[in-house]
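Residues per chain, in single letters:
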Amino acid sequence: MIHLDWKNAPTIKKVICKHTNAKKYLVSNVLTVGKEYEVKNETEEFYFVIDNTGHVGGYYKNYFE
């Protein structure tokens, strides 16, 4: 369960949230437009960042610049 160590893992890069207009899920509660987030892991489709709750969450890359 490698995902349990992501919070303490070194930051890969930093990204800025450009929008929270989700079609299916409510993203505005955990991401803030214009805020910079630390990327802890990355896949082809998702960034895993430390969100506003202080936990690592996976979000589509299209939310970020």
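Rules used in this analysis
Residues numbered from 1 in each chain as written. Predicted model: local features only at pLDDT ≥ 70, side-chain atom pairs only at ≥ 80, totals over all residues. Heavy atoms only, no water. Helix = DSSP H or I, 4+ residues; strand = E, 2+ residues; numbered from the N terminus. Buried < 20%, exposed > 50% of the residue type's maximum accessible area, 1.4 Å probe, protein only. Contact = heavy atoms within 4.5 Å. Areas by Shrake-Rupley, 256 points an atom, 1.4 Å probe, with all protein chains shown as cover. Lys, Arg positive; Asp, Glu negative; His and termini not counted. Charge placed at Lys NZ, Arg CZ, Asp CG, Glu CD. Pairing = 2+ DSSP bridges. Salt bridge = Lys/Arg side-chain N within 4 Å of Asp/Glu carboxyl O. Core = buried A, V, L, I, M, F, W, Y, C linked by side-chain atoms within 4.5 Å.

A.B. asks: An account of the overall build of the chain is requested, with residue identities and associated values reported.
C.D. replies: For the chain, the count of helices and strands is zero helices and four strands. Helices and strands appear in the chain in the N-to-C order β-β-β-β. Each of the 65 residues in the chain was classed as buried or not, and the buried ones make up 29%. Sequence-distant contacts in the chain: of pairs separated by 6 or more residues, those separated by 24 or more amount to 42%. Summing over all exposed atoms, the chain offers an accessible surface of approximately 4500 Å²; the carbon and sulfur share of this is 51%. Treating the 9 positive side-chain charges of the chain as one cloud and the 8 negative ones as another, the clouds have centres 4 Å apart.

A.B. asks: Got a sec to walk through the pairing of strand S4 (residues 56-60)? Specific residues and values, please.
C.D. replies: Burial along S4 is one-sided: Gly 57 and Tyr 59 are buried, and none of Val 56, Gly 58 and Tyr 60, which face the opposite way, are. Pairing of strand S3 (residues 46-50) with S4 involves five bridges; the strand directions are antiparallel. Of the residues in S4, the one forming a bridge with Val 49 is Gly 57. The loop that links S3 with its antiparallel partner S4 comprises five residues; one of these, Gly 54, has a positive phi angle of about 90°.

A.B. asks: Give me the lowdown on the pattern of salt bridges, citing residues and values where you can.
C.D. replies: Note that side chains of opposite charge can pair when their charged atoms are close. Applying the stated rule across the entire model yields three salt bridges. Residue Lys 13 is joined to Glu 42 by a salt bridge in which the shortest nitrogen-to-oxygen separation is 3.6 Å. Separated by 29 residues along the polypeptide, Lys 13 in strand S1 (residues 13-16) and Glu 42 in strand S2 (residues 36-42) bring together distant segments of the chain. Note on Lys 13: relative accessible area 33%, which makes it partly exposed. Exposure remark for Glu 42: the relative accessible area of 30% places this residue in the partly exposed category. Across the pair Lys 40 and Glu 38 runs a salt bridge whose closest N-O atoms are separated by 3.5 Å.

A.B. asks: Which residues make up the environment of Asp 5, and what values go with them?
C.D. replies: Here Asp 5 is to be found in the segment before S1. Along the backbone, Asp 5 and Lys 40 are 35 residues apart, and their C-alpha atoms lie at a distance of 9.6 Å.

A.B. asks: Before we move on, can you summarise the nonpolar core with the specific residues and values?
C.D. replies: With twelve residues, the main nonpolar core is built from Val 15, Cys 17, Val 27, Val 30, Leu 31, Tyr 37, Val 39, Tyr 47, Val 49, Tyr 59, Tyr 63 and Phe 64. Sorting the residues of this core by element identifies S2 and S3 as the ones contributing at least two each. For Tyr 59, the residues in contact, after removing those within four places along its chain, are Val 27, Val 30, Leu 31, Glu 45, Phe 46, Tyr 47, Val 49, Asp 51 and Phe 64.

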